[in-house]
Amino acid sequence: MAVYDITEDYQDLKPPVINTGVIGWLRNNLFNTWYNSLLTLLFLYLLWMVVPPFIRWALIDSHWASTSAECHQSGGACWSIIHANIRFIIFGFYPPAEQWRPLTAMIILFALLMVSRNRKWWSRYLIFTWIAGLVVMGWLMKGGIFGLTAIDSSQWGGLPLTLTLSVFGLAAAYPLGVILALGRQSKLPVIRSLTIIYIEMIRGVPLISLLFMSAIIFPLFLPEGVTINKIIRAQAAIIMFTAAYVAEVVRGGLQAMPKGQYEAADSIGLNYVQTMRLIILPQALKIVIPPTVSILISAFKDTSLVVIIALYDLLKTTQSTLSNPKWMGFSTEAYLFVALIYFICCYFMSTWSRKLEKELSTDR
Amino acid sequence: MSETKEAMNKPRTDKPIQPAENDNIITIIGMHKWFGEFHVLKDINLEVKARERIVVCGPSGSGKSTMIRCINRLEEHQRGRIIVNGIELSKNLKNIEKIREEVGMVFQHFNLFPHLTIIENLTLGPLWVRKMPLKEARELAMYYLEKVHIAEQAEKYPGQLSGGQQQRVAIARSLCMKPKVMLFDEPTSALDPEMVKEVLDVMISLAHEGMTMIVVTHEMGFAKSVAHRVLFMDEGRIVEENTPDEFFDHPQHERTKLFLSQILH
């Protein structure tokens with residue numbers, strides 16, 4: 001038998017301090033063992049070899065608004081290629097006099113995306129705002145009514161095309177993927193087999209071949225005189241492709257749901273649609289936010305494959321600039337610029353997904 | 001003093017509300033169920049009257065949970081008939097939904113919806129199944145939350161509550177549907193010992209109000225003080241059925257005697 005004294009409250013006892021200033025941190029994290037010290041030194045050496053020359057090339061010796069001739073003479077980066085060709089890179093063959101229209105459309109799109117980023121604003125009005133915004137954007141791009149000259153979609157290109165394909169592609173593929181995932185879990189054998197066939201067939205084929213099919217084979221089946229816009233066909237291929245991948249990820253989320261959640265929903269008397277909408281999907285989709293965003297990011301980058309059916313997306317307009325003899329040889333600068341644009345978009349998606357995950361977390 | 005103790009010390013004649021004489025709220029006739037080849041329930045016959053309280057006990061794997069899960073069609077029976085509140089369970093989805101509206105269920109692992117707050121968990125059924133206006137549903141929910149002594153947690157998420165609190169919320173969630181029968185599937189088995197009492201207290205007060213209850217449990221004290229009848233199940237059959245007094249003091253069947261000797265030490 002023992003009875004312990006529990007009156008001592010240890011109020012003055014603080015957790016032991018390990019980190020003592022910068023030196024202490026360095027010693028604890030970078031030089032705590034001989035091989036860590038070696039790795040640290042090696043890494044510092046590599047940084048020294050790479051970073052200063054890059055800064056010299058990119059910033060100090062570089063040209064920002066010069067002619068191509070000046071660029072060819074110096075050894076620094078030639079950012080002038082962007083400066084001189086920015087309109088073509090961003091807008092493609094869109095008539096220069098009308099390029100304010102896609103620019104305005106993109107600004108509207110960014111504004112809508114920024115507003116939608118905040119869940120506080122999610123309401124019915126936001127949906128109406130999106131619909132209105134999409135109509136205005138479509139009108140700006142296409143024209144033909146209310147005093148704007150009509151611009152055929154074959155002249156669309158560059159960043160607006162990339163964004164169109166991505167935004168519509170992702171916005172349509174996500175709900176379609178969810179429906180496919182539910183179909184694959186269905187108790188009805190017909191629906192289940194049809195979705196399995198669809199998902200497996202689409203996943204078994206590269207996106208390029210789907211794009212080819214939509215561009216070349218599909219029109220052969222259409223009656224004479226009927227043509228479907230090439231952008232729409234590419235868009236459909238992207239949506240179908242992405243949806244199949246989203247479906248499999250969502251299925252993973254559905255399978256992670258404990259059986260008890262279905263049973264609790266059943267025992268309250270909720271029907272199938274209510275159970276899915278109110279109980280299962282909100283939780284399952286939350287679980288699969290990270291892999292879903294991976295798919296959406298890679299789908300966004302895959303839109304660049306539309307070059308193979310001769311659509312001038314952002315990557316293709318950049319490539320075309322490089323085939324101009326005046327600017328040949330500056331591909332590094334041009335591709336770094338495009339990479340930056342792609343990176344900003346992808347980074348936007350990934351930070352937003354992390355923010356969403358944090359907001360939706362309920363086990364605080 | 002604790003309500004549990006009080007209730008347990010009361011003589012049984014004190015039971016405030018006696019079962020109705022004639023109308024069966026649940027009738028099970030010759031029910032069989034198989035899981036694949038395995039025969040889990042064999043010829044189950046049971047009649048439950050309104051306001052009757054039945055405790056089902058038995059060793060694990062005896063089919064007691066499966067039996068009560070058949071009553072609201074979480075499991076499908078393959079032979080025999082189950083009639084709940086005048087509606088026979090069949091493949092008809094509308095009938096199943098109608099029965100589930102009238103039968104509340106409390107699970108061993110609570111099964112609260114973790115992405116919804118406590119109050120949202122409670123209002124879900126009234127809002128979507130009963131089509132109640134939001135204000136009314138919230139008032140109803142608060143009424144039952146107060147009843148299970150947990151009103152101050154209304155805006156929290158289930159993950160922030162203790163097991164005992166979660167189970168009380170689960171009971172309140174079922175009550176919000178104003179069920180005619182409550183099924184309890186081992187409601188205290190997943191709880192820390194310290195929390196069993198707070199859940200049993202809620203169940204006892206529910207019993208005093210005349211709720212029809214079928215409770216699968218190993219809490220023999222609860223069975224003694226609250227039940228009108230105790231069923232003992234083994235290997236998919238109802239082996240013995242008696243009043244708690246007779247059941248605990250003069251068990252008839254050898255299997256029952258063995259079971260009681262093992263759990264009562």
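For clarity, every value in this text was computed on a predicted model and none was experimentally measured.

### As for the nonpolar core
Thought 1: Membership of the largest hydrophobic core comes to 124 residues, with the highest contact counts inside it found for Ile26(B) and Met67(B).
Thought 2: Looking at this core, the element that brings in the most residues is helix H10 (residues 230–255) of chain A, giving 13 residues.
Thought 3: Look past the residues within four positions of Met67(B) in its chain and what remains in contact with it is Met31(B), Leu41(B), Ile44(B), Leu46(B), Val56(B), Leu231(B), Met233(B) and Ile238(B).

### Description of the interface of chain B and chain A
Thought 1: Taken together, the contacts link 23 residues of chain B with 20 residues of chain A.
Thought 2: Taken together, both faces of the contact between chain B and chain A bury some 2000 Å²; the carbon and sulfur share is 60%.
Thought 3: If you sort the residues of chain B by the area they bury against chain A, Phe113(B), His115(B) and Trp128(B) come out on top, with a joint share of 29%.
Thought 4: Viewed at the interface, chain A and chain B are joined by 2 salt bridges.
Thought 5: Across the salt bridge formed by Arg69(B) and Glu263(A), the nearest N and O atoms sit 2.5 Å from each other.
Thought 6: Counting the contacts that link chain B with chain A gives 6 residue pairs in polar contact (both at pLDDT 80 or more).
Thought 7: At the level of secondary structure, the elements contributing two or more residues to the side of chain B that touches chain A comprise helix H3 (93–102), strand E6 (103–106) and helix H4 (118–128) of chain B.
Thought 8: By residue class, the composition of the side of chain B that touches chain A is 12 nonpolar, 5 polar and 6 charged.

### A word on the domain arrangement of chain A
Thought 1: Here chain A is described as being made up of domain 1 (6–51) and domain 2 (72–94 + 151–360).
Thought 2: For domain 1 of chain A and domain 2 of chain A, the distance between their C-alpha centres works out to 43 Å.

### Focus on the side chain of Asp313(A)
Thought 1: Summarising the element assignment, Asp313(A) is placed in the loop between helix H13 (289–302) and helix H14 (314–322).
Thought 2: Of the side chains with opposite charge, Lys316(A) lies nearest to the buried Asp313(A), which makes no salt bridge, at 8.1 Å.

### So, the packing of aromatic side chains
Residues and elements named next belong to chain A.
Thought 1: Under the counting rule described, the total for this entry stands at 10 aromatic pairs over all chains.
Thought 2: Seen in terms of ring centroids, Trp 34 and Tyr 35 are 5.6 Å apart; in terms of plane orientation they differ by 85°. Their pairing is edge-to-face.
Thought 3: The class for Trp 34 is exposed, based on a relative accessible area of 67%.
Thought 4: Taking the centre distance of 5.5 Å and the plane angle of 20° together, the rings of Phe 343 and Tyr 347 count as stacked.

### A word on the sheet that holds E6(B)
Residues and elements named next belong to chain B.
Thought 1: Here we have 6 strands laid out as an open sheet, ordered E6-E7-E8-E3-E9-E10, and mixed in their pairing. Each of the sheet's edge strands pairs with one partner strand only, and the pair in question is E6 and strand E10 (237–242). With direction set aside, neighbouring strand axes in the sheet form an average angle of 20°.
Thought 2: Summarising the sheet, strand E7 (residues 181–185) and strand E8 (residues 212–216) pair through 5 bridges and their orientation is parallel. When the bridges of E8 are listed, Leu 183 appears paired with Ile 214.
Thought 3: Its contacts with the sheet place helix H2 (residues 64–71) against strand E3 (53–57), E6, E7, E8, strand E9 (229–234) and E10, and it is angled at close to 150° to E7.
Thought 4: Those strands touched by helix H6 (residues 163–175) are E6 and E7, and its axis lies near 170° from that of E6.

Cut-offs and rules
- Residues numbered from 1 in each chain as written.
- Chains lettered and ligands numbered in written order.
- Predicted model: local features only at pLDDT ≥ 70, side-chain atom pairs only at ≥ 80, totals over all residues.
- Heavy atoms only, no water.
- Core = buried A, V, L, I, M, F, W, Y, C linked by side-chain atoms within 4.5 Å.
- Buried < 20%, exposed > 50% of the residue type's maximum accessible area, 1.4 Å probe, protein only.
- Helix = DSSP H or I, 4+ residues; strand = E, 2+ residues; numbered from the N terminus.
- Contact = heavy atoms within 4.5 Å.
- Buried area = accessible area lost by both parts, 1.4 Å probe.
- Salt bridge = Lys/Arg side-chain N within 4 Å of Asp/Glu carboxyl O.
- Polar contact = N/O pair within 3.5 Å; in protein donor to acceptor, adjacent residues only side chain to side chain.
- Nonpolar A, V, L, I, M, F, W, Y, C, P; charged D, E, K, R; others polar.
- Domains from an automatic or database assignment.
- Lys, Arg positive; Asp, Glu negative; His and termini not counted.
- Phe/Tyr/Trp six-rings, centres within 6.5 Å; stacked < 30°, edge-to-face > 60°.
- Pairing = 2+ DSSP bridges.
- Axes fitted to C-alpha atoms, helices over the stretch in contact; angles between N-to-C directions.

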